[in-house]
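Commentary on secondary and tertiary structure
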Amino acid sequence: MIFSKFSLLPILLLMIGCSDDIPNRYSGTQILSGECTMCDARYQNLSNLNLSNSIYKGTYFYNSNLSNTDLSKSDLRSANFVLANLNQSNLSQTNIRNAVFTDASMFGSTFKGANGSMANFQNANMDSSELSEAILTTANFSGSILDNVFATNSYMMSASFNGANMKNILIENSNLEGADLSNANLKNSRLKMVNFKNTNFEGADLSNSIIEYSDFSGANLKGVNFNGAILVGLNLTQADLSNSDLLNSTMCSLVSEATLYCNARMQNGERNTSCD
């Protein structure tokens, strides 16, 4: 068979063009050296290691074991941790912007001071983790487990917690303006000095929670369960509590200007029929 001098040109161009798009194969030496960008580190046992101050941008840690590993102060932007085991790991002061943690296990891990804007934690297990001083704007926690989480001085504006389990969570002095907490379970939570302006809590469960000195102005609180909750010093200006349940709740020093309680069940069990 005779080929013209141009017949192999498309094949050569294809080979040249795709080489930069394929992740590097996993190299134990590269990982331990602390710099491995776009590496393929799937299904690896990297537990109990000190990998702090490392650069793993875009690296694939899919289904790898990083339990009890120190990744603090590392650059993990756009890294893939899907189904990874990060239990008891240290991710404090990491850069995890655009990183993916879906379905990962992160029980008892710390993200203190991390920058996780636009990170995806969907359906992850983060029970008993710390999110203090973290920047998590527009992060996705939908369907995740955040029970017993500790978050102070955190920035989670416009983050999504839709359907998340957040029982016994502590959030203090933090900003969640514009966040989506619809259908989230926040039973027995402690929320103090939090900015919840324009948040969506529709269908959420806040029963038996203690909520103090927080701003819910303009918030959607339709159908929220406040049964047995303690509400102190809240700003509910222009908030909508239609169809909410306030039975057995304690309400003190609330600012309720233009607040809507249409068909809400009040503290005494009676429905508020005023819907003007």
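Residues numbered from 1 in each chain as written. Predicted model: local features only at pLDDT ≥ 70, side-chain atom pairs only at ≥ 80, totals over all residues. Heavy atoms only, no water.

Further remarks concern the nonpolar core. In terms of nonpolar packing, the biggest core is built from 68 residues, with Phe101 and Phe121 touching the most fellow members. The residues touching Phe121, leaving out its near neighbours within four places in the chain, are Ile96, Phe101, Met106, Phe111, Met126, Leu136, Ala139, Asn140, Phe141 and Ser144. (Core = buried A, V, L, I, M, F, W, Y, C linked by side-chain atoms within 4.5 Å. Buried < 20%, exposed > 50% of the residue type's maximum accessible area, 1.4 Å probe, protein only. Contact = heavy atoms within 4.5 Å.)

Taken as a whole and assessed by the stated rule, the structure comprises eight salt bridges. The salt bridge involving Arg42 is made with Asp40; its shortest N-O contact spans 2.6 Å. What makes Arg42 partly exposed here is its relative accessible area of 37%. Note on Asp40: relative accessible area 19%, which makes it buried. Here Lys222 makes a salt bridge to Asp240, at a shortest N to O gap of 3.9 Å. Here the residue Lys222 occupies a position in the loop between strand S6 (210-212) and strand S7 (230-232), and Asp240 occupies one in the loop between S7 and strand S8 (250-252), the gap between them amounting to 18 residues. (Salt bridge = Lys/Arg side-chain N within 4 Å of Asp/Glu carboxyl O. Helix = DSSP H or I, 4+ residues; strand = E, 2+ residues; numbered from the N terminus.)

The full count for this structure, using the stated rule, is 12 aromatic pairs. Consider the rings of Phe81 and Phe101, whose centres lie 4.8 Å apart with planes at 0 degrees: the pair is stacked. Highlighted residues: Phe81 in the loop between strand S2 (39-40) and strand S3 (150-152) and Phe101 in the loop between S2 and S3, separated in sequence by 20 residues. The class of Phe81 is buried, set by a relative accessible area of 0%. Judged by its relative accessible area of 0%, Phe101 falls in the buried class. Relative to Phe141, the ring of Phe121 lies with its centre 4.7 Å away and its plane at 5 degrees, an arrangement referred to as stacked. (Phe/Tyr/Trp six-rings, centres within 6.5 Å; stacked < 30°, edge-to-face > 60°.)

As a further point, take unusual backbone geometry. For residues other than glycine, phi is negative in most cases, and the peptide bonds are mostly trans. Of note, Asn198 is a non-glycine position whose phi angle comes to about 60 degrees, a positive value. Summarising the element assignment, Asn198 is placed in the loop between strand S5 (190-192) and S6. Exposure remark for Asn198: the relative accessible area of 48% places this residue in the partly exposed category. At Asn248, a residue that is not glycine, the phi angle is positive and equals roughly 65 degrees. Mapped onto the elements, Asn248 comes out in the loop between S7 and S8.

Let's shift gears to the state of the cysteines. What the rule picks out here adds up to two disulfides. What pairs with Cys36 in a disulfide is Cys39, and their sulfur atoms sit 1.7 Å apart. Taking the torsion about the S-S bond as the criterion, the Cys36 to Cys39 disulfide, at about -95 degrees, is left-handed. Bridging Cys262 to Cys275, the disulfide has an S-S length of 2.0 Å. Across the S-S bond linking Cys262 and Cys275, the dihedral sits near 75 degrees, which makes this disulfide right-handed. (Disulfide = S-S within 2.5 Å.)

Okay, the sheet that holds S7 next. Strand order in this open sheet of six strands is S3-S4-S5-S6-S7-S8, and the pairing throughout is parallel. The open sheet has two free edges, formed respectively by S3 and S8, since each of these has just one partner strand. For this sheet, the mean angle separating the axes of adjacent strands, direction not counted, is 5 degrees. (Pairing = 2+ DSSP bridges. Axes fitted to C-alpha atoms, helices over the stretch in contact; angles between N-to-C directions.)

Moving on, we come to the confidence of the model for the protein chain. Detailed reading of the predicted model is not advised wherever pLDDT is low. Taken over all residues, the pLDDT of the protein chain has a mean of 91, while the share at 70 or more is 89%. Of the regions scoring below 50 in pLDDT, residues 1-22 engages in zero contacts with residues more than four places distant in sequence or in other chains. (pLDDT = per-residue confidence, 0-100.)

What follows covers the side chain of Ser54. Residue placement: Ser54 occurs in the loop between S2 and S3. Overall, Ser54 belongs to the buried group, its relative accessible area being 4%. If we skip the residues at most four places from it in the chain, Ser54 touches Gly34, Lys73, Ser74 and Asp75.

Relative to the helices and strands, Ala179 resides in the loop between strand S4 (170-172) and S5. Between the alpha carbons of Ala179 and Lys197 there is a distance of 8.6 Å; along the sequence they are 18 residues apart. Discounting chain neighbours no more than four positions away, the residues touching Ala179 are Met156, Ser158, Ala159, Thr199 and Asn200.

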